[in-house]
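# Structure at a glance
Each chain, letter by letter, is given below.
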Amino acid sequence: MIVRDLAAAKKTSRRVLDPNNNWESVRLLLKDDKVGFSFHITTIYRGAEFQMHYQNHFESVYCMVGEGEIENLADGKNHPIKPGTLYILDQHDKHILRAFSEMQMACVFNPPLSGKEVHNAEGAYELTE
Ligand code: 9YT
């Protein structure tokens, strides 16, 4: 069994800051835990608007706090995000995320992240060995 604490993890290298200053993420569960997915608590900063395209991963995102929207670039549709909303990028969907207030999200990645990933020019994370 693995037991971890968010406040404690925040004080370690598990807390990763986006170089573009849109988000930060505390990566509580990672590839080296060997359970097949990673689990992160991500803060999206108020006013952030940025494009992502997880070509190498599936991601589930559950909103716990805050308001925003996600635009699916395949069809141009905007979906509101509020506490209780879950979106799943099951098609490696290219999308834009907008945060109208600071949002707190619980995020799951498959395959799991190694821990240090930040977005490449495509808005994807590279796969690691
Ligand atoms: C919602 C989303 O994908 N935000 C970017 C950060 C990502 N959740 C991560 O690396 O934890």
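Quick note: structure is the one above.
In short, a report on the structure. (Residues numbered from 1 in each chain as written. Predicted model: local features only at pLDDT ≥ 70, side-chain atom pairs only at ≥ 80, totals over all residues. Heavy atoms only, no water.)

## Considerations on the pairing of strand 3 (residues 38-44)
With respect to burial, strand 3 is a largely interior element, six of its seven residues being buried. Sheet topology note: the strand 2 (residues 23-29)/strand 3 ladder contains six bridges and is antiparallel. By the bridge assignment for strand 3, V26 is matched with I41. (Buried < 20%, exposed > 50% of the residue type's maximum accessible area, 1.4 Å probe, protein only. Helix = DSSP H or I, 4+ residues; strand = E, 2+ residues; numbered from the N terminus. Pairing = 2+ DSSP bridges.)

## A closer look at the packing of aromatic side chains
In this structure the tally under the stated criterion is three aromatic pairs. Geometrically, the ring pair formed by Y54 and F109 is edge-to-face, given 5.1 Å between the ring centres and 90° between the ring planes. One end of the pair, Y54, is in the loop between strand 4 (49-52) and strand 5 (58-65); the other, F109, is in strand 10 (residues 103-110), and 55 residues separate them in sequence. Like Y54, the residue F109 is buried in the burial classification. (Phe/Tyr/Trp six-rings, centres within 6.5 Å; stacked < 30°, edge-to-face > 60°.)

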